[in-house]
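Tertiary structure, described
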There are 2 protein chains.
Amino acid sequence: MVQSDMTERAAVPPSGLVRTSSDTASWHAVYDGLHDAIIRHRLDPGAKLVEEEIAEVFGVSRTIVRAALQALARDGVVILQRNKGARIAHPTPDEAREIFEARELIEPRIAALAAGRMNTGDAERLHACLHAEHQAMASDEPREAVYHSANFHRLVAGIAGHQLLSGILGDLLSRSSLVIALYWRMPQALCENEAHHAIVDSLAAGDQDRAATLMRQHIAALLGQLDLSERPQRQSSLAEALRDAARVPKGTRVLAR
Amino acid sequence: MVQSDMTERAAVPPSGLVRTSSDTASWHAVYDGLHDAIIRHRLDPGAKLVEEEIAEVFGVSRTIVRAALQALARDGVVILQRNKGARIAHPTPDEAREIFEARELIEPRIAALAAGRMNTGDAERLHACLHAEHQAMASDEPREAVYHSANFHRLVAGIAGHQLLSGILGDLLSRSSLVIALYWRMPQALCENEAHHAIVDSLAAGDQDRAATLMRQHIAALLGQLDLSERPQRQSSLAEALRDAARVPKGTRVLAR
DNA sequence: CTTGCGTAAAATGTATACAATCGCTGTGTT
DNA sequence: AACACAGCGATTGTATACATTTTACGCAAG
């Protein structure tokens, strides 16, 4: 879904019409590709992002890649260190807590707003999302399930119709994805998408108070399922914990499946 | 406070030591300069920002300026349009409402957190800020007063000790500055910094509930003092409303006083 | 006087070249 | 064997050149 066949350079347009314009900034493609790879856990927290490699994969110059990395850095999913390059963010337990505290503050309001603006199409989309999440679970693909779970929250935010809060929450959800990759306790694998079902019900019923309450409880429960016991400083600074040698064998093209 | 004497080029370091390192990204200087100029209303909403001009003022290449502009765009204080360049953002009434609604949600929580972490130094700084605001008012400099007013909220956020929420609020405050420039009803000029005094009192008393309540009421009052009656689409798209001909006479160096 | 078009100037988009820095590796010393 | 350090390759930082696009201007036709 990232890109079709970017291994071979500039991707010449099929027809004669060149259409060089495209009113969206050209780094959006790189941004989207990296963002997707990050929140779907195809790149691990802390992983190094080398500009040249990314540029080659997407068939653009480092100029464009840098713009994309800077945007991702402002989203909080990438960390930029001067002269040291870019890495996938690696939230500390404190940061993880702050992210979920912020969600606990914002999402109940979003749920309440959404409850007041639901239409049939919205309900349909929410159910489709829940179905996808359930199916991923059934297929034993927890990564996909977590991804769809986050999408559920994005959908609700879209329904709420508050551009600003939706945008803020979007960033929080992206970072939540990193937090889950790091601190999620798998044990009770079948989390509790019951919560999502209950939220959909309250939304469909237009019950703003109940939607807000359920959402707040849901976020609190999620936070409770994280293991935020202080690990040591974690890789980086101590010989980089063997340079991730195990998970990225050596010259593995870590991007582009 | 932005820069000392930027009319003449690159600001050569005073001593022989060149100090090329500086672990902060080099576009920060440009970012800070522009950001300060924007939130202090030295640049008006909607104003064009030409890369080459800015580059000349700060003595850097367009590469750096572009990075700064992109960062400002993600803050929501600058708008980037492909092939059309950058402009100071010009929030619509809807966006203005959303900004203050978000503040109404977030700032009470921040106030409550701050009330639980006050120390004497904090109280001192808050009082100093209030004093600066009052003095600016007395000197008939409403711009400065509004600036210090925003700083008051930034200070409270700093005391709260929640990095994430502070960061989010920082962006909201920057955008609020634009909203105020556009929609503030001056009539009752001496706004009501009584509200700020009352908030400081509740913070110093460590009364979390009262701090939260007062803050919520304060934000609501601010929102009420805006005139968000729908103006037409406002400049841009209709011959740019004469290209600001009135306020920027022609080749005026709009930056650098 | 207005409208339309074509050319020129200005501004932005992108790639590339080169400089600066980092981090690894191998060599020598204690 | 452990450590320090010099050198080199890899990577990032910044400026600049060039392509593309927008915008401004002038001239002619209606």
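Note that the structure is predicted; figures quoted are calculated from it, not measured. (Residues numbered from 1 in each chain as written. Chains lettered and ligands numbered in written order. Predicted model: local features only at pLDDT ≥ 70, side-chain atom pairs only at ≥ 80, totals over all residues. Heavy atoms only, no water.)

What to know about the overall build of chain A
Helix and strand counts for chain A come out as ten helices and three strands. Traced from its N-terminal end to its C-terminal end, chain A shows the element sequence α-β-α-α-β-β-α-α-α-α-α-α-α. Taken over 257 residues, chain A has a buried fraction of 44%. Of all intrachain contacts in chain A linking residues separated by at least 6 positions in sequence, the fraction that spans at least 24 positions is 76%. A total accessible area of about 13700 Å² is found for chain A, and carbon and sulfur atoms account for 52% of it. (Helix = DSSP H or I, 4+ residues; strand = E, 2+ residues; numbered from the N terminus. Buried < 20%, exposed > 50% of the residue type's maximum accessible area, 1.4 Å probe, protein only. Contact = heavy atoms within 4.5 Å. Areas by Shrake-Rupley, 256 points an atom, 1.4 Å probe, with all protein chains shown as cover.)

Things to note about helix H3 (residues 62–75) of chain B
Residues and elements named next belong to chain B. For H3, which comprises 14 residues, the first-to-last C-alpha distance of 20 Å matches the rise-based estimate of 20 Å (1.5 Å per residue) to within 8%. The complete set of buried residues in H3 reads Val65, Ala67, Ala68, Leu69, Gln70, Ala71, Leu72 and Asp75. Just beyond H3, the residue with positive phi is Gly76, at close to 85°. (Expected span 1.5 Å × (residues − 1).)

Structural notes on the environment of Ile64 of chain A
All names here are of chain A. Note that Ile64 resides in helix H3 (residues 62–75). Distance in space between the C-alpha atoms of Ile64 and His28 is 9.1 Å, their sequence separation being 36 residues. If sequence neighbours within four positions are ignored, Ile64 has contacts with Ser26, Trp27 and Val30.

A closer look at the interface of chain A and chain B
It is common to report an interface's size as the accessible area lost on association of the parts. The partner chain B presents 30 residues to the 30 residues of chain A that form the contact. For the pair chain A and chain B, the two sides together bury roughly 2300 Å², of which 56% comes from carbon and sulfur. Broken down residue by residue, the surface that chain A buries against chain B is led by Arg74, Arg82 and Leu105 of chain A, which jointly contribute 29%. Linking chain A with chain B are two salt bridges. The interface formed by chain A and chain B holds eleven residue pairs in polar contact (both at pLDDT 80 or more) in total. Mapped onto the side of chain A that touches chain B, the elements with two or more residues apiece are helix H1 (27–39), H3, helix H4 (93–115) and helix H7 (163–183) of chain A. Top contributing element to the side of chain A that touches chain B by residue count: H4 of chain A, with seven residues. (Buried area = accessible area lost by both parts, 1.4 Å probe. Salt bridge = Lys/Arg side-chain N within 4 Å of Asp/Glu carboxyl O. Polar contact = N/O pair within 3.5 Å; in protein donor to acceptor, adjacent residues only side chain to side chain.)

Let's talk about the side chain of His196 of chain A
Residues and elements named next belong to chain A. The residue His196 is located in helix H8 (residues 194–205) in this model. Look at His196 and you get buried, because its relative accessible area is 2%. Among the polar contacts listed, one links the side chain of His196 to the side chain of Glu133, at a separation of 3.3 Å. Separated by 3.0 Å, the side chains of His196 and His218 make a polar contact. Apart from residues no more than four positions distant in its own chain, His196 is found in contact with Leu130, Glu133, Ser149, Phe152, His153 and His218.

Quick word on helix H5 (residues 120–138) of chain A
Residue and element names in this part refer to chain A. The end-to-end C-alpha distance of H5, which contains 19 residues, comes to 27 Å, matching closely the 27 Å that a straight helix rising 1.5 Å per residue would cover. Of the residues making up H5, those classed as buried are Asp122, Ala123, Leu126, Cys129, Leu130, Glu133 and Ala136. End-on view of H5: buried residues confined to an arc of 155°, all on one side of the axis. Relative to its buried face, H5 has exposed residues pointing more than 90 degrees away, namely Thr120, Glu124 and Ala138. (Arc of directions from axis to C-beta.)

A closer look at the relation of the copies chain A and chain B
After a rotation of 180° and a shift along the axis of 0.0 Å, chain A superposes on chain B with an RMSD of 0.0 Å. Considering both components of the superposition, the chain copies are consistent with a two-fold axis. Most of the interface of chain A is mirrored in chain B, where 100% of its interface residues are also at the interface. (Least-squares fit on C-alpha atoms with pLDDT ≥ 70 in both.)

Describing the packing of helix H5 (residues 120–138) of chain B against helix H8 (residues 194–204) of chain B
All names here are of chain B. Contact geometry of H5 with H8 gives a least axis separation of 11 Å together with a crossing angle of 175°. On the basis of the axis angle, H5 is roughly antiparallel to H8. Of the residues in H8, those in contact with Leu126, His127, Leu130 and Glu133 of H5 are His196, His197, Val200 and Leu203. Grouping the constituent residues of the contact of H5 with H8 by class yields four nonpolar, three polar and one charged. (Axes fitted to C-alpha atoms, helices over the stretch in contact; angles between N-to-C directions. Parallel < 35°, antiparallel > 145°, perpendicular 65-115°, else oblique. Nonpolar A, V, L, I, M, F, W, Y, C, P; charged D, E, K, R; others polar.)

Things to note about the pairing of strand E2 (residues 78–81) of chain B
In this sheet, strand E3 (residues 85–88) of chain B lies alongside E2 of chain B in antiparallel orientation, the contact comprising four bridges. Bridge assignment links Ile79 of chain B to a residue of E3 of chain B, and that residue is Arg87 of chain B. (Pairing = 2+ DSSP bridges.)

A word on the sheet that holds strand E1 (residues 48–49) of chain B
Residues and elements named next belong to chain B. Read across the sheet, three strands follow the order E1-E3-E2 without closing on themselves; strand pairing throughout is antiparallel. The open sheet is flanked by E1 and E2, the only strands paired with a single partner. Contacting E1, E2 and E3, H3 runs over the sheet at an angle of about 115° to E2.

Concerning the pattern of salt bridges
Residues and elements named next belong to chain B. For the structure on display, the rule yields 20 salt bridges over all chains. Of the charged contacts in the structure, one is a salt bridge between Asp94 and Arg97, with a shortest N-O distance of 3.5 Å. Placement of both Asp94 and Arg97 in helix H4 (residues 93–115) is noted, with a separation of three residues, approximately one turn of the helix. Taking relative accessible area as the criterion, Asp94 reaches 46% and is therefore assigned partly exposed. The closest approach of N and O atoms between Arg103 and Glu107, which form a salt bridge, is 2.7 Å. A residue pair is termed a helical-turn pair when its members lie 3 or 4 positions apart in one helix, as Arg103 and Glu107 do in helix H4 at four residues. Residue Arg103 is classed as buried on the basis of its relative accessible area, which comes to 3%.

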